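Read off the chains here:
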Amino acid sequence: MPRPFPGPRRAAAGGAEPRDRACARPPLPVRMRRVRARSRERMAGAAPGAIMEEDYFGSAAEWGDEADGGQQEDDYGEGEDDAEVQQECLHKFSTRDYIMEPSIFNTLKRYFQAGGSPENVIQLLSENYTAVAQTVNLLAEWLIQTGVEPVQVQETVENHLKSLLIKHFDPRKADSIFTEEGETPAWLEQMIAHTTWRDLFYKLAEAHPDCLMLNFTVKLISDAGYQGEITSVSTACQQLEVFSRVLRTSLATILDGGEENLEKNLPEFAKMVCHGEHTYLFAQAMMSVLAQEEQGGSAVRRIAQEVQRFAQEKGHDASQITLALGTAASYPRACQALGAMLSKGALNPADITVLFKMFTSMDPPPVELIRVPAFLDLFMQSLFKPGARINQDHKHKYIHILAYAASVVETWKKNKRVGINKDELKSTSKAVETVHNLCCNENKGASELVAELSTLYQCIRFPVVAMGVLKWVDWTVSEPRYFQLQTDHTPVHLALLDEISTCHQLLHPQVLQLLVKLFETEHSQLDVMEQLELKKTLLDRMVHLLSRGYVLPVVSYIRKCLEKLDTDISLIRYFVTEVLDVIAPPYTSDFVQLFLPILENDSIAGTIKTEGERDPVTEFIGRVGTYVSLRRDLVAVRLPFLTPCPFSFRVKAHCKSNFILVN
């Protein structure tokens, strides 16, 4: 167990002066190798209480060697008054636990060279020796002997010490360590080798971004290969070398993990990139270059766009950087029009007309110019948001630009455009216009929309229309009185979500997000029974989403609802019954691990009513129980041939007729 920081470590937290200003220690590679070797041996298995001071600072002989090693003239400067030197040294000897300071041998040498008396040294050092570190080690030994695990004891001491250091840290004294020593302290290199103390430096760096000692320490941590840990440290963003390493490591981590890893790591990554204008520009410029690569370029472009969205949500206007890194620089009129609309967050007929003329010309600009997510979101609001007003004389221009961005395919060779495919432009424009007229017509209610369902279903097959309809449904059903005015068991807007789930796999996350939001919303205007019926309708939509292949996220959400105990248990039973009715074996191990604990819950398993002699719960548990028991037995005996579950997962469509194979 590491002992509390002596010497300069305690000084940084507000203790005595750490070093004699005239006594900078020279590097001692031999001594440091011995100390590091002992440190590695200690970390490899020594008990916390068995750590002695010599493990940290070396023996007296080693420090004595240092005292004799080439700095003698500096230790006792010419012309210094003996009385002043003695008084300075005696002042240091009178501080608490000074005998534990690494500079004790240098100070003793100066004192004796100035004619100091050994009796005074012995008296002051002994009287001011309180043995703080030794007492901690003794208490640790006692705790271990009483049965406390050594690891727990070590964590207790380290966490307490971390809290004290964070509370009493003085950045000025920490910076003085470097100005006085003139080199990297040996104890600092030892500290950054341990996760506990690296975490301490991360927290201190967040609290004291201007501390030179902490900035240098973060760089040391990065140099040591731990840059993956400091993605959230603002100090790392102030040093280009450190930031570039952290950016490279974080980007590689996101790219290697797929969609789930993106959702997990993107917030911290975007926060780091958006720390300042310089970090945002550097990161986006690098990702812009990487996005041109054939292999993995599209994934990098997706990450860059997500970071742009994050910056926009935080209130930052990064539109000029986005346009500068794209192809807009070659088209100044288009760049000016786009920049104006992105900065204001709204479309306007004048700038739309400029873009319309350019993209209907014989040689239009590259389509990538208008494929900016924030720009496309503005079209969603203008064309599909209920109540949005759009100039009828310019409506066809809005529709044409959106359809052009969504449907046109360009062929490039050696940075030169060799072909433009506009085969789907006309049909896409017609579908967007048709759905816009249906969705934004205030005279059409839910009953009138039912008659137009077949038309809507045909248009929803276009991805851009499906996204617009999804936004329109979200805005519509989020109205407080929407469900209060509905009389149908399944409102037409929710039925449209089923069609979107069926046609567009990439929109599954957004559909589930909307369903979860509605499921967790308190509909206080409805009575209890109406609320339950509404939530059952939403669960039906989730089951349909599951039947379309979005299995694990849906089941994971219901599992969380069961664990949080904030959902009516009858709704969980309803979901389980519906799922058991639409699935068929074999099942994947991931699905079994998520779904089986729900069935085994006492409130679920014995309360599901079934028709006839068939018991779907027992059948499911029986099918997977044998495999689970066998797997547990293999794990218990640690057999080397244990492999993942060989089952696949087959889901019957929600219409309970055909089958869909889901990997």
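So, here is what we can say about the structure in this document. Since this is a predicted model, take the numbers as computed values, not measurements.

Moving on, we get to the overall build of the protein. A count of helices and strands for the protein gives 34 helices and five strands. Within the protein, buried positions represent 46% of all 663 residues. Put simply, of all contacts in the protein between residues at least 6 apart along the chain, 68% involve residues at least 24 apart. With an accessible surface of roughly 34,100 Å², the protein has 53% of that area assigned to carbon and sulfur atoms.

Before going further, it helps to examine the environment of Phe310. Its place among the elements puts Phe310 in helix H17 (residues 297-313). A residue is classified by how much of its surface remains accessible, and Phe310, at 18% relative accessible area, is buried. Measuring from C-alpha to C-alpha, the distance between Phe310 and Cys274 comes to 8.3 Å, with 36 residues separating the pair along the chain. Those residues in contact with Phe310 that sit more than four places away from it in its chain are Pro267, Ala270, Lys271 and Cys274.

On to the packing of aromatic side chains. Inspection of the entire model under this criterion finds ten aromatic pairs. Pairing Phe519 with Tyr557 gives two aromatic rings, centres 6.2 Å apart and planes at 80°, and the pair type is edge-to-face. Remark: Tyr557 occurs in helix H30 (residues 551-564) and Phe519 occurs in helix H28 (residues 508-520); sequence separation between them is 38 residues. Each member of the pair, Phe519 as well as Tyr557, is classed as buried. Taken together, the ring pairs in this structure connect Phe93, Tyr98, Tyr111 and Phe112 into an aromatic cluster. One cation-aromatic arrangement involves Lys535 over Phe519; the distance from NZ or CZ to the ring centre is 5.3 Å.

For the rest of this paragraph, the subject is the side chain of His493. Here His493 shows up in helix H27 (residues 492-503). Of the residues examined, His493 reaches a relative accessible area of 4% and is grouped as buried. His493 has contacts with Leu449, Trp472, Val473, Thr476, Val477 and Tyr482, leaving out every residue within four places of it along the chain.

Turning to the environment of Ala207, a few remarks are in order. Along the chain, Ala207 falls in helix H13 (residues 195-207). Under the relative-accessibility criterion, Ala207 is labelled exposed at 53%. Spatially, the C-alpha atom of Ala207 lies 9.9 Å from that of Phe169, the residues being 38 residues apart in sequence.

Now for unusual backbone geometry. Following Pro585, the chain continues to Pro586 via a peptide bond in cis, the omega torsion being 0°. Secondary-structure assignment places Pro586 in the loop between strand E3 (583-584) and helix H32 (589-600). Residue Leu565 is not a glycine yet carries a positive backbone phi of 60°. Relative to the assigned elements, Leu565 resides in the loop between H30 and helix H31 (569-582). Note on Leu565: relative accessible area 73%, which makes it exposed.

Attention shifts here to the nonpolar core. Core analysis: the largest hydrophobic core is formed by 106 residues, its most contacted members being Phe375, Met542, Phe595 and Phe620. Those residues in contact with Met542, other than ones at most four positions away along the chain, are Leu512, Leu515, Val516, Phe519, Val554, Tyr557 and Ile558. In this structure, Ala205, Leu247, Cys274 and Met287 belong to the second largest nonpolar core, which totals 45 residues.

What follows concerns the environment of Glu306. Mapping Glu306 onto the fold places it in helix H17. Taking C-alpha positions, Glu306 is 9.5 Å from Pro267, a pair spaced 39 residues apart along the chain. Polar side-chain contacts of Glu306 include one of 2.9 Å to the side chain of Arg302.

Counted by the stated rule, this structure contains twelve salt bridges. With a shortest N-O distance of 2.9 Å, Glu306 and Arg302 are connected by a salt bridge. Taken as a pair, Glu306 and Arg302 lie in helix H17 at a separation of four residues, close to a single helical turn. Residue class for Arg302 comes out partly exposed when judged on its relative accessible area of 32%. Here Arg417 makes a salt bridge to Glu410, at a shortest N to O gap of 3.0 Å. Classification of Arg417 as buried rests on a relative accessible area of 18%. Sharing partners across several salt bridges, the network here consists of Lys162, Asp199 and Lys203.

Pairing of strand E1 (residues 409-413) with strand E2 (residues 416-421), which is carried by five bridges, proceeds in the antiparallel orientation. When the bridges of E2 are listed, Val409 appears paired with Asn421. The loop that links E1 with its antiparallel partner E2 comprises two residues; one of these, Lys414, has a positive phi angle of about 55°.

Bringing a negative patch on the surface into the picture now. A contiguous patch of negative charge, built from Asp81, Asp82, Glu84 and Glu88, is present on the exposed surface. Along the polypeptide, Asp82 turns up in helix H6 (residues 82-93). Classification of Asp82 by relative accessible area gives partly exposed; the value is 34%.

Cut-offs applied
- Residues numbered from 1 in each chain as written.
- Predicted model: local features only at pLDDT ≥ 70, side-chain atom pairs only at ≥ 80, totals over all residues.
- Heavy atoms only, no water.
- Helix = DSSP H or I, 4+ residues; strand = E, 2+ residues; numbered from the N terminus.
- Buried < 20%, exposed > 50% of the residue type's maximum accessible area, 1.4 Å probe, protein only.
- Contact = heavy atoms within 4.5 Å.
- Areas by Shrake-Rupley, 256 points an atom, 1.4 Å probe, with all protein chains shown as cover.
- Phe/Tyr/Trp six-rings, centres within 6.5 Å; stacked < 30°, edge-to-face > 60°.
- Lys NZ or Arg CZ within 6 Å of the ring centre and 35° of its normal.
- Core = buried A, V, L, I, M, F, W, Y, C linked by side-chain atoms within 4.5 Å.
- Polar contact = N/O pair within 3.5 Å; in protein donor to acceptor, adjacent residues only side chain to side chain.
- Salt bridge = Lys/Arg side-chain N within 4 Å of Asp/Glu carboxyl O.
- Pairing = 2+ DSSP bridges.
- Patch = residues over 30% accessible without salt bridge, like charges linked within 9 Å, V, L, I, M, F, W, Y side chains within 5 Å.
- Lys, Arg positive; Asp, Glu negative; His and termini not counted.
- Charge placed at Lys NZ, Arg CZ, Asp CG, Glu CD.

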